[in-house]
Amino acid sequence: MADETTETTESTETEPTETTESTDAPTEYTSETAPVRGKGTSEIAPGAGLGRRKEAVARVRLVPGTGKWLINGRELENYFPNKVHQQIVNSPFAVLDIEEKFDVHARIHGGGPSGQAGALRLGVARALNAIDLDTNRATLKKSGFLTRDPRVVERKKAGLKKARRAPQYSKR
């Protein structure tokens, strides 16, 4: 039995042991790679697009620049204080990884904040599509940014209080 213990100690001494870790080893393991922002392959040139959603209409001009938004003479944060609306209008740039490569000049009228954000997103997507058809169209179309949302308010019908709301029925 004493022989067995000497054999195991001898075998551990002969095996090389590494206790130093490399400094570039990841501290966290994931199956996804981190997205690289601003590395899109789109052409950078001026473009324009028109977007509509509900009653809102947005006329958009894209100019190569630093990512500055000007909507009806106001900054993006002032015009759309809601972060969800800011994310909606910025999503075509995010999906193409070309954030902060264009200045956006937009004129919007009609509708409410949600409809205006949707109209602006469609206008930006159409402008990006017009700038570089070969590179941008497939990504924008797959994300659903080039499709106009056809849903609008249903019209009021005669004899009803609203589009479908009938007057209350009274038996007597």
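For the structure itself, consult the block above.
Anyway, here's the lowdown on the structure attached to this text. Worth saying up front: this structure is predicted, and the values here are computed from it rather than measured. (Residues numbered from 1 in each chain as written. Predicted model: local features only at pLDDT ≥ 70, side-chain atom pairs only at ≥ 80, totals over all residues. Heavy atoms only, no water.)

Side note on the overall build of the protein
In terms of helices and strands, the protein carries five helices and four strands. From first element to last, N terminus to C terminus, the protein shows the α and β order α-β-β-β-α-α-β-α-α. Counting over 172 residues, the protein shows a buried share of 28%. Taking contacts inside the protein between residues at least 6 apart in sequence as the whole, the part at least 24 apart equals 72%. Looking at the protein as shown, the accessible area adds up to about 12,500 Å², and 50% of this sits on carbon and sulfur atoms. (Helix = DSSP H or I, 4+ residues; strand = E, 2+ residues; numbered from the N terminus. Buried < 20%, exposed > 50% of the residue type's maximum accessible area, 1.4 Å probe, protein only. Contact = heavy atoms within 4.5 Å. Areas by Shrake-Rupley, 256 points an atom, 1.4 Å probe, with all protein chains shown as cover.)

Side note on the pattern of salt bridges
Applying the stated criterion to the full structure yields four salt bridges. Between Asp 149 and Arg 53 there is a salt bridge, and its shortest N-O distance comes to 3.4 Å. With a gap of 96 residues between them, Asp 149 in the segment after helix 5 (133–143) and Arg 53 in strand 1 (residues 47–53) connect regions that are remote in the sequence. Taking the relative accessible area as the measure of exposure, Arg 53 reaches 14% and is therefore buried. For Lys 157, the salt bridge identified is with Glu 154, shortest N-O distance 2.5 Å. Overall, the relative accessible area of 24% leaves Lys 157 in the partly exposed class. Where salt bridges share partners, they join Arg 53, Asp 149 and Arg 151 into one cluster. (Salt bridge = Lys/Arg side-chain N within 4 Å of Asp/Glu carboxyl O.)

A closer look at the pairing of strand 4 (residues 102–109)
Both strand 2 (residues 56–64) and strand 4 contribute to a ladder of eight bridges, which runs antiparallel. Of the residues in strand 4, the one forming a bridge with Ala 58 is Ile 108. (Pairing = 2+ DSSP bridges.)

Some remarks on the sheet that holds strand 3 (residues 69–71)
One open sheet accounts for four strands, arranged 1-2-4-3; its pairing is mixed. The open sheet has two edge strands, strand 1 and strand 3, and neither has a second partner. Averaged over all neighbouring strand pairs, the angle between strand axes comes to 20°, with direction disregarded. Looking at chain direction, strand 3 and strand 4 are connected through three bridges and run parallel. Bridge pairing in strand 4 links Leu 70 to His 105. (Axes fitted to C-alpha atoms, helices over the stretch in contact; angles between N-to-C directions.)

Overview of the pairing of strand 1
Here is the key point about a regular strand: its side chains alternate between the two faces of the sheet. Alternating residues of strand 1 divide into Gly 47, Gly 49, Gly 51 and Arg 53, all buried, and Ala 48, Leu 50 and Arg 52, none buried. Counted along the chain from strand 1 to the antiparallel partner strand 2, the turn is two residues long, and its residue Lys 54 has a positive phi close to 55°.

What to know about the nonpolar core
Of all hydrophobic cores here, the largest spans 29 residues; its most connected members are Leu 62, Trp 69, Ile 71, Phe 80, Phe 93, Leu 120 and Leu 128. Contributing elements (two or more residues each) for this core: strand 2, strand 3, helix 2 (76–79), helix 3 (83–96), strand 4 and helix 4 (113–131). The greatest single-element share of this core, amounting to eight residues, is contributed by helix 4. Once residues within four sequence positions are removed from consideration, Leu 120 is found in contact with Ala 58, Val 60, Trp 69, Ile 71, Phe 80, Val 89, Ala 106 and Ile 108. (Core = buried A, V, L, I, M, F, W, Y, C linked by side-chain atoms within 4.5 Å.)

Digging into unusual backbone geometry
For Asn 72, which is not glycine, the phi dihedral falls at a positive 50°. Note on placement: Asn 72 falls in the loop between strand 3 and helix 2. Phi at Asp 97 takes a positive value of approximately 60°, unusual for a residue other than glycine. Position of Asp 97 among the secondary structure elements: in the loop between helix 3 and strand 4.

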